[in-house]
Amino acid sequence: MKRSFFPFLIFGSLFGLAANAEQVSLSRTSPVDLSVATPFFEIKGTGDRQNPVRWKLDSAFTGDTLFARFRLRYSADSIDTTMDGDGEFFVFWMDQLEGVETSGHSGGVPNVGIHVDKEGKNRFMVRYAAQGEAFGPDLKGDREFTVVARLEKSVSGTDKPFDELSLWVDPNPDKPADPDAVCKSESALSTISWVGFSTARKTETGDRILVGDVFVADQWTKLFGGDGEPQLSEIPKPPAYTPPEPPSRIVEVDPPPEVVPGDHWSFQPLQRPSVPKPTAQHWVRTPVDAFIAGKQEENGLAPSPPADNSDLTRRVSLVLTGLPPEQIIPSAEVDEYAEQLLRATAYGERWGRHWLDVARWAESNGHQHNRNRDHAWRYRDWVVQSLIEDKPFDQFLREQIAGDEIEPFDPNHIVATGFLAAARYSGNELDKTIQRNDILVDITNTTAKAFLGLTMECAQCHDHFFDPVTQWDYFQFMSFFAKGQPGDLILLESDPKAKKLIENRWGLFERSRSRLTESRRQRGDPEPVLVSPESVPGGMTAAEKRAFLGIESGLASLPKTWGYYSPVTSPHNLEFAPTAMRWPLPFQKESLETVAVRFLDRGDVYSPGPVAEPRWPQAFGETDAETVSEKPRLALADWLTSPDHPLTARVWVNRIWQGHFGTGLVATSGDFGIAGSEPSHPQLLDWLASELIDSGWSTRHIHRLILQSNTFRQSSEFSAENAARDPDNALLWRWKPRRLEAEAIRDSALAVAGSIDLQVGGKSVPTTESEESLRRSLYLHQRRDNLPHQQMLFDSANAVTSCSKRLTSTVGLQPLWMMNSPFMQQRAIELASRIKADISPEDGPDTAVRRLVQQTLLREATPEEISGLSSLIRESSLAEAATVLLNTNEFLYIP
């Protein structure tokens, strides 16, 4: 163990290695080239005095100042105190003589280590003798400490004593003048030739102490490599990727069978039908009405009269924005009002939430550890902005499926891949085959349901029972996504700073994790699943930790998004930011190049068959293998948005229709297959799909056609004659009121109370603050398995699988929350205060009721309401009257 700059201080051979000290084989070097320092040893107590490890310096040291450094880790279950034992004792000594295995190395010999203070606490200490101990910080188990000692002569001279001993625990290299403890002795040694570790009676047989990386120098700076900070060039690279072994057993399966689409309506080519000419031409405001009136006339139905201005204003506002209007809009101005709302932020927020249900979006990984995705909010904001801008739906689709494959580079395209990346991700899964397959299954199922309206998940284990989708189709469709994976992506292309920071961060992190893992293995713990990412920085040296925190700070300043990226198929050079997951998927390009989707017999990852190449389902025609080879997901997106595709446009316009009326023209909006519902108005569906494509895939255009129609503007007036012919209102002879979704209920209460915070976008409100937040519900943190309470109470999507249509339940807890929750009680108080501010102090309860009903329900109060609510105000309070109105069906339903 030679060190050229200070030869007389370098350790010679390891002389002492007692039976209770075992050399630990660790790849454990400092980040500042201390690889020549001592190895690591696990020292076990004997219940008596023992010197298990000791070294002789190459030559005796008689200079004025000597520094020593070592690392120490105590197993937490080894530590006892005077409350449950006799405490701990363990020291590093510096002596002129070696002594024997049971020598005390005390009485003027400098000791640095652990002992019990007068209060019974185990603390770091320095001493020359038992009577003169000076104490530093407390000892903590399962944590690595860097310990530095300085032995100094107050009077220079080779024969003068080392009469001052100082201690630093996890020192700051820049502050050598700030020791944690100092002790002095006039009868100290003047020469140091040996160093070692000692245990004593307090060190029990079950104790496990890891020590090593011992280094001695004559200058403070030499302990830390000059300036005390790791040089980036000295930080190791992340471990190289080792490709997995190919499957040992390939199951023989039949080749893909020939499939024909059959005659099911949704698989037929899209053809633009002619607009009907019903008898009631006076009722037709848009072509939508012509199709609806034609069906009604065929079945002997008559439409309901128009809704009044109050109901229509509320309907338009609640449907488009999820917020109640401030004033009644005259019927002649409703078209203009709707046009304004279609360009409003509130519209993007409302309809963005609809799409996030389909995208099963959330801000955590799901599964057992369910770690947060701190940058997933960018995708939510991208969806909102895309809808406000009326991004053409074909582009909306293309960016979500293949944003990283689109040229030229645009950070927003990467953000859009949050659709794919919204898949659940088990970062605690050690089996990489299962881990990757689970993600790809999620992406395959969601993509098929969102854009094709197909239940492709039914073909994962066998051919689909109903639709012309084979199991081969399933895995070939999955193969489009095989070369990419989710993660936090740096939104900068070919950025050398980001690349270097990430390499350095992983280097330091993996070094520390390796040390912790090896330490646990040496203690007999199971495999390294117990080493959590949060614990790794605690195992770093002080210098490593400072460098690590600096790197983390640099990374935090870079723009990131939770997205989906393939370094294999993307033309852009992006970086995966470090993750807090325990066992993330390998992210290197060489790793993803080896990924291949195989046909899985019965869907079992341990029964792999032949490789499945990227192909769309055979029922929709042949796939050009050359087209899909270079940028497979972009080829898939182009196929999905081709004008002759039979499903994509139909599925999207049906979702738009559902957003207006509560039910789509195809009631099963996530299943256009044989087991799904037949369309109530097939020609209208195809006409709207054709209009979507011909308008440049404009979602806003479809909105206008619906909003301006008399079909949308009907009242909810009941007709017994119509109900006898069409009891389910499938042919839309009346408006069917429906309850607002969870988010719109909460947002509406905030709006009428005048307390809503309309801040747009940005990081979500933390879960711990969601109950008190005044922001729109869209911006409350969406943590899987812990979604906001009110959101789940009122039938929110679960963010686990794609949700095409929410259920609507009626349970006792809902009105209890509406009446008694602190949130709603506070809204009632605020609403009452708002009403009081609008009327004069001389006005009585009747005036307050009129203003309250107008503010809450956007209409005049009835005499019965004035009488009843005025009595309630006199007997109780205006806030109680506000609570009553906030709990009415009229407030909670779209009229």
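Before any of the text, the structure's been laid out above.
Residues numbered from 1 in each chain as written. Predicted model: local features only at pLDDT ≥ 70, side-chain atom pairs only at ≥ 80, totals over all residues. Heavy atoms only, no water.

Caption draft 1: View of the overall build of the protein chain. Counting secondary structure elements, the protein chain contains 28 helices and 20 strands. With the principal axes as the frame, the protein chain shows a C-alpha extent of 120 × 80 × 45 Å. In the protein chain, which comprises 895 residues, the proportion classed as buried is 58%. Within the protein chain, the 124 negative side-chain charges are centred at a point lying 3 Å from the centre of the 93 positive side-chain charges. (Helix = DSSP H or I, 4+ residues; strand = E, 2+ residues; numbered from the N terminus. Buried < 20%, exposed > 50% of the residue type's maximum accessible area, 1.4 Å probe, protein only. Lys, Arg positive; Asp, Glu negative; His and termini not counted. Charge placed at Lys NZ, Arg CZ, Asp CG, Glu CD.)

Caption draft 2: Fine view of empty space enclosed by the protein. Summed over all chains, the structure comprises seven cavities of 30 Å³ or more. The computed volume of the largest cavity comes to approximately 120 Å³. Around the largest cavity, the lining is made up of 15 residues, and of these F576, A577, T579, P584 and F587 lie nearest the centre. The element that contributes the greatest number of residues to the lining of the largest cavity is strand 15 (residues 485-490), accounting for four residues. Of the residues contributing to the lining of the largest cavity, the split by class is 11 nonpolar, three polar and one charged. (1 Å grid on protein atoms, 1.4 Å probe; cavity = no way out; pocket = protein on both sides within 12 Å on 5 of 7 lines; lining within 4 Å. Points joined across faces, edges and corners; volume = space filled by probe spheres on them. Nonpolar A, V, L, I, M, F, W, Y, C, P; charged D, E, K, R; others polar.)

Caption draft 3: Highlighting a nonpolar patch on the surface. A cluster of nonpolar side chains, contributed by F465, F466 and I674, occupies part of the molecular surface with about 360 Å² of accessible area. Checked against the element boundaries, I674 lands in the loop between helix 17 (648-661) and helix 18 (682-694). (Patch = residues over 30% accessible without salt bridge, like charges linked within 9 Å, V, L, I, M, F, W, Y side chains within 5 Å. Areas by Shrake-Rupley, 256 points an atom, 1.4 Å probe, with all protein chains shown as cover. Salt bridge = Lys/Arg side-chain N within 4 Å of Asp/Glu carboxyl O.)

Caption draft 4: Layout of helix 23 (residues 813-820). Listed in full, the buried residues belonging to helix 23 are Q814, W817 and M818. For helix 23, the angular spread of buried residues about the axis comes to 100°, placing them on one side. The inward-facing, buried residues of helix 23 abut strand 19 (738-739), helix 21 (742-753), helix 22 (789-793), helix 24 (822-838), helix 27 (878-886) and helix 28 (889-892). (Arc of directions from axis to C-beta. Contact = heavy atoms within 4.5 Å.)

Caption draft 5: Fine view of the nonpolar core. Ranked by size, the top nonpolar core spans 163 residues in total, and within it L320, W355, F481, W657 and L688 carry the most contacts. If you count residues domain by domain, this core takes at least three from each of domain 2 (738-811) and domain 3 (822-894). The contacts of F481, once residues within four sequence positions are left out, are I401, L420, L440, I443, T444, T447, Y564, R633 and L636. One finds I43, L72, F124 and A188 within the second-largest nonpolar core, a separate group that totals 43 residues. (Core = buried A, V, L, I, M, F, W, Y, C linked by side-chain atoms within 4.5 Å. Domains from an automatic or database assignment.)

Caption draft 6: Region of interest: the environment of D694. Looking at the element boundaries, D694 is found in helix 18. On the basis of relative accessible area, D694 is assigned to the exposed category, the value being 56%. For D694 and E98, which are 596 residues apart along the polypeptide, the C-alpha to C-alpha distance reads 92 Å. Of note is the side chain of D694, whose polar atom sits 2.9 Å from the side chain of R272. (Polar contact = N/O pair within 3.5 Å; in protein donor to acceptor, adjacent residues only side chain to side chain.)

Caption draft 7: Examining the state of the cysteines more closely. Under the definition given, this model contains zero disulfides. The thiol sulfur of C803 is not disulfide-bonded, and the nearest other cysteine sulfur, from C458, lies at 17 Å. For C803, a relative accessible area of 15% corresponds to the buried category. (Disulfide = S-S within 2.5 Å.)

Caption draft 8: Spotlight on helix 27. Where burial is concerned, most of helix 27 is hidden: seven out of the nine residues are buried. By the burial criterion, the buried members of helix 27 are L878, A879, A881, A882, T883, L885 and L886. Buried residues belonging to helix 27 abut helix 21, helix 23, helix 24, helix 25 (845-857), helix 26 (863-875) and helix 28.

Caption draft 9: Quick look at the side chain of S777. Here S777 is to be found in the loop between helix 21 and helix 22. Classification of S777 as buried rests on a relative accessible area of 2%. Side-chain polar atoms of S777 contact the side chain of R746, separated by 3.1 Å. Those residues in contact with S777, other than ones at most four positions away along the chain, are E743, R746, D747 and Q782.

Caption draft 10: Summary view of the pattern of salt bridges. Overall, the coordinates contain 52 salt bridges when judged by the stated rule. Of the charged contacts in the structure, one is a salt bridge between R127 and E133, with a shortest N-O distance of 3.0 Å. On the basis of relative accessible area, R127 is assigned to the buried category, the value being 8%. Several salt bridges share partner residues, and in doing so they unite R69, R71, E144, D213, R511, R515 and E544 into one network.

Caption draft 11: The arrangement of the environment of Y337 in detail. Among the structural elements, Y337 can be located in helix 4 (residues 334-342). According to the relative accessible area criterion, Y337 is buried, its value standing at 13%. Non-local contacts of Y337, meaning those with residues more than four positions away in its chain, are made with T313, V316, S317, P325 and I329.

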